[in-house]
Amino acid sequence: MNLILQQDLNDFDIILEKTKQQGIDFLNAIENIPTSNTYTFDTKSVLNELGLGSIEALKEFNERLAPLMVSSSGPRYWGFVTGGSTPASIVGDWLTAIYDQNTQAVKAQGGASALVEFETIHLLLQLLELPDAFLGGFVTGATMSNFTALGVARQWYGAQFGKDFAKNGISETINILTATPHSSSIKCLSLLGIGSQNYITVKTMEGNREALDMTDLEENIKKLNGKPFILISSAGTVNTADFDDFEAIASLREKYNFWWHIDGAFGGFAAVSNKYKHLVKGWDGADSITIDCHKWLNVPYESAFFLIKKEHINLQIETFQNSNAPYLGNPLENFNYLNVLPENSRRLRALPAWFSLKAYGKEGFRDIMENSTALALHFGNALIENDFELLAPIRLNNVCFTLKGEHNQEKVAPFLSALNDTGKVFMTPTVYQNKKGIRASFVNWRTTENDVKLVIQEMREVLSKI
Ligand SMILES: *Cc1c(COP(=O)(O)O)cnc(C)c1O
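Here's a quick rundown of the structure. (Residues numbered from 1 in each chain as written. Predicted model: local features only at pLDDT ≥ 70, side-chain atom pairs only at ≥ 80, totals over all residues. Heavy atoms only, no water.)

### Details of the site of the ligand
In the region of the ligand, 13 residues are neighbours, and Thr 143, Asp 263, Asp 292, His 294 and Lys 295 sit closest. At 2.6 Å, a side-chain N or O of Thr 143 approaches an oxygen atom of the ligand. At 2.8 Å, a side-chain N or O of Asp 292 approaches an oxygen atom of the ligand. Isolated, the ligand exposes 380 Å² of accessible area, and the fraction of that covered by the protein chains is 83%. Class assignment of the residues belonging to the shell around the ligand gives a composition of 4 nonpolar, 6 polar and 3 charged. (Near = heavy atom within 4 Å. Polar contact = N/O pair within 3.5 Å; in protein donor to acceptor, adjacent residues only side chain to side chain. Areas by Shrake-Rupley, 256 points an atom, 1.4 Å probe, with all protein chains shown as cover. Nonpolar A, V, L, I, M, F, W, Y, C, P; charged D, E, K, R; others polar.)

### Topic: the sheet that holds strand S1 (residues 134-139)
In any sheet, the strands associate via hydrogen bonds between backbone groups, in a parallel or an antiparallel arrangement. Taken in spatial order, the 7 strands make up an open sheet running S1-S7-S6-S5-S4-S2-S3, and their pairing is mixed. Whereas interior strands pair on both sides, the edge strands pair on one side only; in this sheet they are S1 and strand S3 (200-201). The pairing of strand S2 (residues 176-178) with S3 spans 2 bridges and is classified as parallel. Bridge pairing in S3 places Thr 178 opposite Thr 201. Helix H5 (residues 114-127) contacts S1 and strand S7 (304-309) of the sheet and is inclined by roughly 115 degrees relative to S1. The strands touched by helix H6 (residues 142-159) are S1, strand S4 (229-234), strand S5 (258-263), strand S6 (288-292) and S7; relative to S5, the strand with the most contacts, the crossing angle is about 175 degrees. (Pairing = 2+ DSSP bridges. Helix = DSSP H or I, 4+ residues; strand = E, 2+ residues; numbered from the N terminus. Contact = heavy atoms within 4.5 Å. Axes fitted to C-alpha atoms, helices over the stretch in contact; angles between N-to-C directions.)

### Considering H6
Because the α-helix completes a turn every 3.6 residues, residues three or four places apart line up on one side. In this model, H6 (18 residues) spans 25 Å end to end at C-alpha, consistent with the 26 Å of a helix rising 1.5 Å per residue. Among the 18 residues of H6, 15 are classified as buried, and the element is accordingly described as predominantly covered. (Expected span 1.5 Å × (residues − 1). Buried < 20%, exposed > 50% of the residue type's maximum accessible area, 1.4 Å probe, protein only.)

### A word on the pairing of S6
Of all 5 residues in S6, 5 are buried; the element is thus mostly enclosed. The side-chain alternation of S6 yields two buried faces, one formed by Ser 288, Thr 290 and Asp 292 and the other by Ile 289 and Ile 291. Relative to S6, S5 runs parallel, the two sharing 3 bridges. Considered in S6, the bridge of Asp 263 is made with Thr 290. Sheet topology places S6 next to S7; 5 bridges connect them, and they run antiparallel. Opposite Ile 291, over in S7, you have Phe 305 as the bridge partner.

### Quick look at the packing of helix H4 (residues 87-99) against helix H12 (residues 351-384)
Across the interface, H4 lies against H12 with an axial gap of 7 Å and an inter-helix angle of 145 degrees. For the crossing formed where H4 meets H12, the hand is right-handed. Residue-level contacts link Pro 87, Ala 88, Ser 89, Val 91, Gly 92, Asp 93, Leu 95 and Thr 96 of H4 to Leu 351, Pro 352, Phe 355, Ser 356, Ala 359 and Tyr 360 of H12. Residues belonging to the contact of H4 with H12 are distributed by class as follows: 9 nonpolar, 4 polar and 1 charged. (Left-handed = near helix turned anticlockwise from the far one by under 90°.)

### What about the pairing of strand S11 (residues 435-441)?
Most of S11 is tucked away: 5 of the 7 residues are buried. In this structure, strand S10 (residues 428-432) lies alongside S11, joined through 5 bridges in antiparallel fashion. From the neighbouring strand, Thr 430 faces S11, where its bridge partner is Gly 437. Taken together, S10 and the strand that follows it, S11, pair antiparallel across an intervening segment of 2 residues, in which Gln 433 is found at a positive phi of about 45 degrees.

### Considering the layout of surface pockets
Size it by volume and the largest pocket reaches roughly 910 Å³. If you go around the largest pocket, you meet 23 residues; those closest to its centre are Gly 23, Phe 26, Leu 27, Ser 73 and Ser 85. No other element matches helix H2 (residues 12-29), which puts 5 residues into the lining of the largest pocket. Partitioning the lining of the largest pocket into residue classes produces 12 nonpolar, 10 polar and 1 charged. (1 Å grid on protein atoms, 1.4 Å probe; cavity = no way out; pocket = protein on both sides within 12 Å on 5 of 7 lines; lining within 4 Å. Points joined across faces, edges and corners; volume = space filled by probe spheres on them.)

### Some words on the pattern of salt bridges
Inspection of every chain in the model, using the stated rule, returns 18 salt bridges. Its salt-bridge partner being Glu 117, residue Arg 346 comes within 2.7 Å of it at the nearest N-O pair. Note that Arg 346 is positioned in the loop between helix H11 (313-320) and H12 and Glu 117 in helix H5, a separation of 229 residues in sequence. When its relative accessible area of 0% is taken as the criterion, Glu 117 is described as buried. Two residues, Glu 247 and Lys 281, come together in a salt bridge whose shortest N-O distance is 3.4 Å. Residue Glu 247 is located in helix H10 (residues 246-252), and its partner Lys 281 is located in the loop between S5 and S6; the two are separated by 34 residues in the primary sequence. A relative accessible area of 43% places Glu 247 in the partly exposed class. Ionic contacts of the salt-bridge type, sharing partners, join the residues Arg 209, Asp 242 and Arg 395 into one network. (Salt bridge = Lys/Arg side-chain N within 4 Å of Asp/Glu carboxyl O.)

### Examining the sheet that holds strand S9 (residues 398-403)
Across the sheet, which stays open at both edges, the 4 strands sit in the order S8-S9-S11-S10 with antiparallel pairing between neighbours. Two strands bound the open sheet, and with one partner strand each, they are strand S8 (388-390) and S10. Here the strands of the sheet are splayed against their neighbours by 45 degrees on average, with no regard to which way each runs.

### A word on unusual backbone geometry
The linkage connecting Tyr 301 with the following residue, Glu 302, adopts the cis geometry, with an omega of 0 degrees. Its place among the elements puts Glu 302 in the loop between S6 and S7. In this structure, Asn 298 takes a positive phi of about 55 degrees despite not being glycine. Mapped onto the fold, Asn 298 is located in the loop between S6 and S7. The class for Asn 298 is buried, based on a relative accessible area of 0%.

### As for the nonpolar core
If you look at the biggest cluster of nonpolar residues, it comprises 85 residues, and the most contacted ones within it are Trp 283 and Leu 297. At 6 residues, the largest contribution of residues to this core is made by H6. Non-local contacts of Leu 297, meaning those with residues more than four positions away in its chain, are made with Leu 124, Leu 127, Phe 269, Ala 353, Leu 357 and Phe 365. (Core = buried A, V, L, I, M, F, W, Y, C linked by side-chain atoms within 4.5 Å.)

Next comes the structure, spelled out in structure tokens:
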């Protein structure tokens, strides 16, 4: 064995102890670690002939790279839709690296870590009150979840014409209908060879909504003259957390032939709360659903899952199967993840979610979710009292707002960059209904009313200076 590796092997406990202590120090200080910084360094580090060993590498990391790290998992990082990591999720993430399983088959000659993934999906279905009719699997994020689901949708579309697009390529125009898709779904249309411009935009409902206008949807369907289509619907749009009417969509299935996909990356968690579950009523009728875990489930990046109805398992295998050999036996019994999703080798990505669900239960996630939505409303009320205006009603956890008054539109960008530069809070710029705006998203388990108070003070100060 290489000497440095041998030394590291001997020092394993010291190395892990140091790493643990570093983790404790960071997590204990997270509230005071800035949400942004301007630190940078020369990235042209020379690769040594002789290695440093882990302890020296850790020293160099701490000197040069650690200063880059911001408190994106802290309580005041409200940009994009950014979750944190709970203690249990970190346990799961650490153990994922330590056990280092390649999670593929359920009946492997080696390990069967895929059973852990099965169990985690089963727990998640209970959390979201969805039936066992879905097959689920873990991918890196909602983008890959949308990709997996829309990949199977594409195969389904071909099958309506007796064609196998996975084998022979796309030979029909694929009709896609959607109102306010997330940008990642559009990226998926590009990746899937459908084309990022090749979708039909359905009108949104009147009255400051981002949800599908059902009348316009049906008119667009009628224009297709009985041809099949793929519907990309939303459980939580990023700007205003709006939801399509899933019961109404479900009833369209009696009349029309379509694949129904729901992107519920964060909004799917509405299902855990009695106050909000009406928003997803009827979503169990979908063919496929996307959910992110690194948002509201508060597990470390990269964690999301797809749910696809088990009745489509053959289409799913046609899309993703890893060998040209015919599939032997019952695919659900002879199951291997590498035949139903993009990756082949994969880590035991379900473990952080498994630990979180076991550690905090239904009530834990209900509390996180209801705390987030209460804080969003609280922040919204404080904004209105402080020279800001809401661009849309607060439906869930996202607050879309701007500076009050048309004349202040050109001040929105400088205000936001000055605010983010304080390092006390981070928010994202947006454009909503042709207005420059700002978005704050509440998903982190640590955020409290005190954080909202602190941010409002900071905003008033920055506003008085620009
Ligand atoms: C965040 C988000 C995505 C993309 O998720 P990633 O995890 O970044 O890949 C897709 N759809 C919606 C609605 C989102 O909020």
